[in-house]
Amino acid sequence: MTSQRSSAFAAARAAAVATIATLSLSGCAGIGDSALSQAFVDPARYELYDCKQLEAERKSLDAQLAKLDGLMRKAQTGAAGPVVSEIAYRNDYINVKAQSRLAEQTWRDNRCTPTPEPPAAAPAPQKRAGRGAH
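Residues numbered from 1 in each chain as written. Predicted model: local features only at pLDDT ≥ 70, side-chain atom pairs only at ≥ 80, totals over all residues. Heavy atoms only, no water.

**Description of unusual backbone geometry**
Leaving glycine aside, a negative phi is the common case for residues, and trans is the common case for peptide bonds.
So, step 1. We note that R111 has phi near 55°; this positive angle belongs to a residue other than glycine.
So, step 2. Along the chain, R111 turns up in the segment after α3 (81-109).
So, step 3. The exposure class assigned to R111 is exposed, which follows from its relative accessible area of 73%. (Helix = DSSP H or I, 4+ residues; strand = E, 2+ residues; numbered from the N terminus. Buried < 20%, exposed > 50% of the residue type's maximum accessible area, 1.4 Å probe, protein only.)

**What about the packing of helix α2 (residues 51-75) against α3?**
So, step 1. Running from N to C, α2 and α3 cross one another at 165°; their axes reach a closest spacing of 9 Å. Considering their axes alone, α2 and α3 lie roughly antiparallel with respect to each other. Between α2 and α3 the crossing geometry is left-handed.
So, step 2. In the contact of α2 with α3, the residues fall into 14 nonpolar, six polar and eight charged. (Axes fitted to C-alpha atoms, helices over the stretch in contact; angles between N-to-C directions. Parallel < 35°, antiparallel > 145°, perpendicular 65-115°, else oblique. Left-handed = near helix turned anticlockwise from the far one by under 90°. Nonpolar A, V, L, I, M, F, W, Y, C, P; charged D, E, K, R; others polar.)

**A few points about α3**
So, step 1. Here α3 contains 29 residues, and its C-alpha end-to-end distance of 39 Å stays within 8% of the 42 Å for a straight helix at 1.5 Å per residue.
So, step 2. Taken as a whole, α3 carries its principal kink of about 55° at Y89. (Expected span 1.5 Å × (residues − 1). Bend = angle between axes of the 7 residues up to and from the residue.)

**Structural notes on the state of the cysteines**
So, step 1. Here the structure, examined in full by the defined rule, presents one disulfide.
So, step 2. Each sulfur of the disulfide joining C51 and C112 lies 2.0 Å from the other. Judged by the sign of its S-S torsion, about -75°, the bond between C51 and C112 is left-handed. Linking C51 in helix α2 with C112 in the segment after α3, this pair joins segments that are 61 residues apart in sequence.
So, step 3. A residue is classified by how much of its surface remains accessible, and C51, at 28% relative accessible area, is partly exposed. (Disulfide = S-S within 2.5 Å.)

**Brief notes about the environment of M72**
So, step 1. Structurally, M72 can be placed in helix α2.
So, step 2. When its relative accessible area of 5% is taken as the criterion, M72 is described as buried.
So, step 3. Linking M72 and P82, residues ten residues apart in sequence, is a C-alpha distance of 8.3 Å.

**Considerations on the packing of aromatic side chains**
Each pair of aromatic rings is reported with the distance of its centres and the angle of its planes.
So, step 1. Under the definition given, this model contains one aromatic pair.
So, step 2. Sitting over the face of the ring of W107, R58 holds its NZ or CZ atom 4.0 Å from the ring centroid. (Phe/Tyr/Trp six-rings, centres within 6.5 Å; stacked < 30°, edge-to-face > 60°. Lys NZ or Arg CZ within 6 Å of the ring centre and 35° of its normal.)

**Quick word on the pattern of salt bridges**
So, step 1. Using the criterion set out here, one finds three salt bridges in the structure.
So, step 2. The partner of R58 in a salt bridge is E104, with the nearest N and O atoms 2.6 Å apart. Taken together, the positions of R58 in helix α2 and E104 in helix α3 put the pair 46 residues apart, joining distant regions of the chain.
So, step 3. One salt bridge connects R90 with E86, and the closest N-O pair in it is separated by 3.3 Å. Taken together, the residues R90 and E86, both in helix α3 and four residues apart, mark about one turn of the helix. Just as R90 is buried, E86 falls in that class too. (Salt bridge = Lys/Arg side-chain N within 4 Å of Asp/Glu carboxyl O.)

Note that every value here comes from positions in space, so none of it alone points to a role or purpose.
This is how it looks when you write it as structure tokens:
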């Protein structure tokens, strides 16, 4: 009887600890989209960037965000996925997201416009192989 009580108590305690850990980590998940995340980025970071440099930086940050998002989604499919995702990738995601916001704000403040894509070059005509070609 005592062993049943102690095992039930241990199981309830483990469930409570897991619930508290999950709730505390889920509270951190909202930081990525809040003004608090801006505290992790130097506000003068992109001050001396010109529009061309900002354009490249924005593309790089977008690629980093996509990569981190993919890693977080992949990690969440595992047994302890949400916890692993939060511990392994959330801080990096928050930092890159804040940098991205700052780069976007600087882009708008400088009134930058995207560089137009160069027109695609027409493919060179290929020589026909056959009797007449020597």
